[in-house]
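Read off the chains here:
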Amino acid sequence: MIRFQNLFKRYPGGHEALSDVCFDLDDGEMAFLTGHSGAGKSTLLKIISLIEKPTRGQALLNNVNLSRVSKRRVPYLRRNIGIIFQDHRLLNDRTVFDNVALPLIIAGYRHQEIGRRVRAALDKVGLLGKEKQAPVTLSGGEQQRVGIARAVVNKPPLLLADEPTGNLDPELSREIMQLFENFNQVGVSVMIATHDLELIKQMNHRILILNKGRMISQDATS
Amino acid sequence: MSRGAIDSSKPGSRLTAYLINHAQVFFSSLGKLYRNPFSNLMTIAVIGIALAFPVGLYVLLQNIQDVSGGWNGATQISLFTKLSISDQQSADLGDQLRQRNEIDSVLVLTRAEAMSEFKSLSGFGEALEVLKSNPLPSVLIIRPKPAFSSPDKVRHLVKQLQALPEADIVQLDLKWVERLYTMMEIGQRGIYVITILLALAVLLTIGNTIRLDIQGRRDEIIIIKLIGATNAFIRRPFLYTGFWYGLLGGIIALVMIQVSMGLLSDPVQRLAGLYDSGFELRSMKLNETLILLGFSMSLGLIGSWLAVGRHLHEIEPG
């Protein structure tokens, strides 16, 4: 699904965010990405989601070399990735339903199909009754679930999450992680950047650790 | 790629998706204007007024041209005979002139008729009683045929009449018509200039409104880009908003013109009645209306296109 080969990312000004990073994420695999602030987690996710381009080395997504993607094709590749943000990034002037429907509208689905899929996605995250509400009327955990529903609604093969539990208490965090595991069990590849070592140690997935831009460990937890 | 990747119920073709999205945005952009009526109405009113002003002037000018068009056909030449010419001689001259193919009609006023007309119209009636003899010559009022009414041909005819031995003074009252035409030409040029300036103002108004809209939606644009929206998809609602601004502004301009015409038409008709004319104030024709609406729509689209082209590319997730 994802393959990084000797990848370097240097920002203008000389800061090297990623140095010689190599790793693979298999199809259908779930893995955590962790490390201190500034270790390069965000940069790594930005490269996969085509926000940044690598300075050197290769990043492959579904065997597509991300350095060579033309600007025009970027939107179409992004439709294969469901991105979940720490701050949800919902559109507050629209209902929960409209937020979740957005990826389908962008892809040009028909009206009935949109309704069916949005309700299915909201059902999976346990928010079926709240589709007509505004996001601001929901709790933090519920808003994050809306964000997840939006990320999965068009069934992308890959989910990327950046600190999805950053603002949640441990109980809610566990529930959110459980949700990601559910999607992973039906074949979706999942990559989650997080600080929450306590939580991820209890889960049986590979942990990739970044330190000062280098991948220092990518072992499965024992 | 795994099970989640391939999906049989994907949207039909890119074309259908494209058309569906156009239809959705067409209505949703109108809905957005409706949900924020006050500020949008102000923008639309500004556009409407800016358009109504030159178009209203144009309609007025058209009406003036309609009125003066009638006068051009009524060009008349007054031929004053020499005092030595008798009434009989002037009547003969009249008959002779009627034979010419560029002349439509000749009205001969004998010296006595000229006198009595002058008495009744001038208000010098009593003073004229004092005169022993009639100081007025006979007058031939000559109307050229419409085909010979253009200023050049009339002037040529006047020259020929001037050469007649019976003629003393040949007068052509064309100057004021020419002046009127020149003034109308100036008016027309003025309207062009005003139209260009106000069209520019409309363009800037729409462009600026859309620019503010884009900046206000910066976060939203970034989010939508991250979930795979193309630039065209993001551009579309802004372009349609511009389109609606233009169209609704054009409609407001049209309403303002019609209302103004309605207010003017009664007094104008009364004035025309006083001049024994059946003139009626003419409003805009259908094709003029369509041109106005098409023009305002184009201004809306161009204005938003300029704003979107300049500002949308600056917004990228990072």
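Given the structure is predicted, the values throughout are model-derived calculations rather than measurements. (Residues numbered from 1 in each chain as written. Chains lettered and ligands numbered in written order. Predicted model: local features only at pLDDT ≥ 70, side-chain atom pairs only at ≥ 80, totals over all residues.)

**A look at the overall build of chain A**
Then comes step 1: Helix and strand content of chain A: seven helices and ten strands.
Then comes step 2: Taken over C-alpha atoms, the radius of gyration comes to 17 Å for chain A, in line with the 17 Å a tight globule of 222 residues would show.
Then comes step 3: A total of 222 residues make up chain A; the buried ones form 44% of that total.
Then comes step 4: In chain A, once contacts between residues fewer than 6 apart in sequence are set aside, the share between residues at least 24 apart is 67%. (Helix = DSSP H or I, 4+ residues; strand = E, 2+ residues; numbered from the N terminus. Rg over C-alpha atoms; globule rule 2.2 N^0.38 Å. Buried ≥ 20, exposed ≤ 12 C-beta atoms within 10 Å, placed from the backbone. Contact = placed C-beta atoms within 7 Å.)

**Focus on the overall build of chain B**
Then comes step 1: Counting secondary structure elements, chain B contains ten helices and four strands.
Then comes step 2: If you list the helices and strands of chain B from N to C, you get α-α-β-α-β-α-α-β-α-β-α-α-α-α.
Then comes step 3: Rg of the C-alpha trace for chain B: 34 Å, well past the compact-globule value of 20 Å for 318 residues, more than 25% over.
Then comes step 4: With respect to the principal axes defined by its C-alpha atoms, chain B has extents near 120 × 40 × 30 Å.
Then comes step 5: Scored against the burial criterion, the 318 residues of chain B give a buried share of 24%.
Then comes step 6: Across chain B, the fraction of contacts at a sequence separation of at least 24, relative to all contacts at a separation of at least 6, is 84%.

**Concerning the sheet that holds strand β3 (residues 30–34) of chain A**
Residues and elements named next belong to chain A.
Then comes step 1: With mixed pairing, six strands are arranged side by side in an open sheet as β6-β7-β8-β3-β9-β10. Every interior strand has two partners, whereas the edge strands, β6 (81–84) and β10 (214–217), have only one. On average, each strand axis in the sheet is tilted by 25° relative to the strand beside it, whichever way the strands run.
Then comes step 2: Bridge count between strand β9 (residues 206–211) and β10: three bridges; the pairing is antiparallel. Note that in β10 the partner of Leu-210 across the bridge is Met-215.
Then comes step 3: Against the sheet, helix α1 (residues 41–48) contacts β3, β7 (158–162), β8 (189–193) and β9, and its axis sits at roughly 150° relative to β7.
Then comes step 4: In the packing of helix α5 (residues 140–152) onto the sheet, contacts are made with β6 and β7, and the angle to β6 comes to roughly 170°. (Pairing = 2+ DSSP bridges. Axes fitted to C-alpha atoms, helices over the stretch in contact; angles between N-to-C directions.)

**Here we look at the interface of chain B and chain A**
Then comes step 1: Contact residues are listed per partner, giving 24 residues for chain B and 25 residues for chain A.
Then comes step 2: Elements supplying a minimum of two residues to the side of chain B that touches chain A: α1 (14–35) and α8 (218–226) of chain B.
Then comes step 3: A total of five residues in the side of chain B that touches chain A trace back to one element, the largest contributor, which is α1(B).

**Observations regarding the sheet that holds strand β4 (residues 167–172) of chain B**
Residues and elements named next belong to chain B.
Then comes step 1: The strand order across the open sheet built from four strands is β2-β3-β1-β4, with neighbouring strands paired in antiparallel fashion. Across the chains shown, the open sheet's two edge strands, defined by having one partner strand only, are β2 (103–109) and β4. If you compare each strand with its neighbour and ignore which way they point, the axes differ by 20° on average.
Then comes step 2: Here four bridges tie strand β1 (residues 77–81) to strand β3 (residues 139–144), and the two strands are oriented antiparallel to one another.

**Digging into the nonpolar core**
Then comes step 1: Counting 71 residues, the largest nonpolar core has A:Leu33, A:Val100, A:Ala149, A:Leu159, A:Leu160 and A:Phe180 as its most contacted members.
Then comes step 2: Once residues within four sequence positions are removed from consideration, A:Phe180 is found in contact with A:Met30, A:Leu159, A:Ala161, A:Val190 and A:Ile192. (Core = buried A, V, L, I, M, F, W, Y, C linked by C-beta atoms within 7 Å.)

**Brief notes about the domain arrangement of chain B**
Then comes step 1: Under the domain assignment, chain B is made up of domain 1 (21–69 + 181–311) and domain 2 (77–171).
Then comes step 2: Here the C-alpha centre of domain 2 of chain B lies 55 Å away from the C-alpha centre of domain 1 of chain B. (Domains from an automatic or database assignment.)

**Focus: the confidence of the model for chain B**
Residue and element names in this part refer to chain B.
Then comes step 1: For chain B, the mean per-residue pLDDT works out to 84, and 93% of the residues sit at or above 70.
Then comes step 2: When pLDDT is averaged over each helix and strand of chain B, the minimum, 73, is found for helix α5 (residues 125–129) and the maximum, 92, for helix α10 (residues 286–311).
Then comes step 3: Segment residues 1–9 is flagged for pLDDT under 50; beyond a separation of four residues in sequence, or across chains, it makes 17 contacts in the model.
Then comes step 4: Both scores are given for the predicted complex: the pTM is 0.74, the ipTM 0.89. (pLDDT = per-residue confidence, 0-100.)

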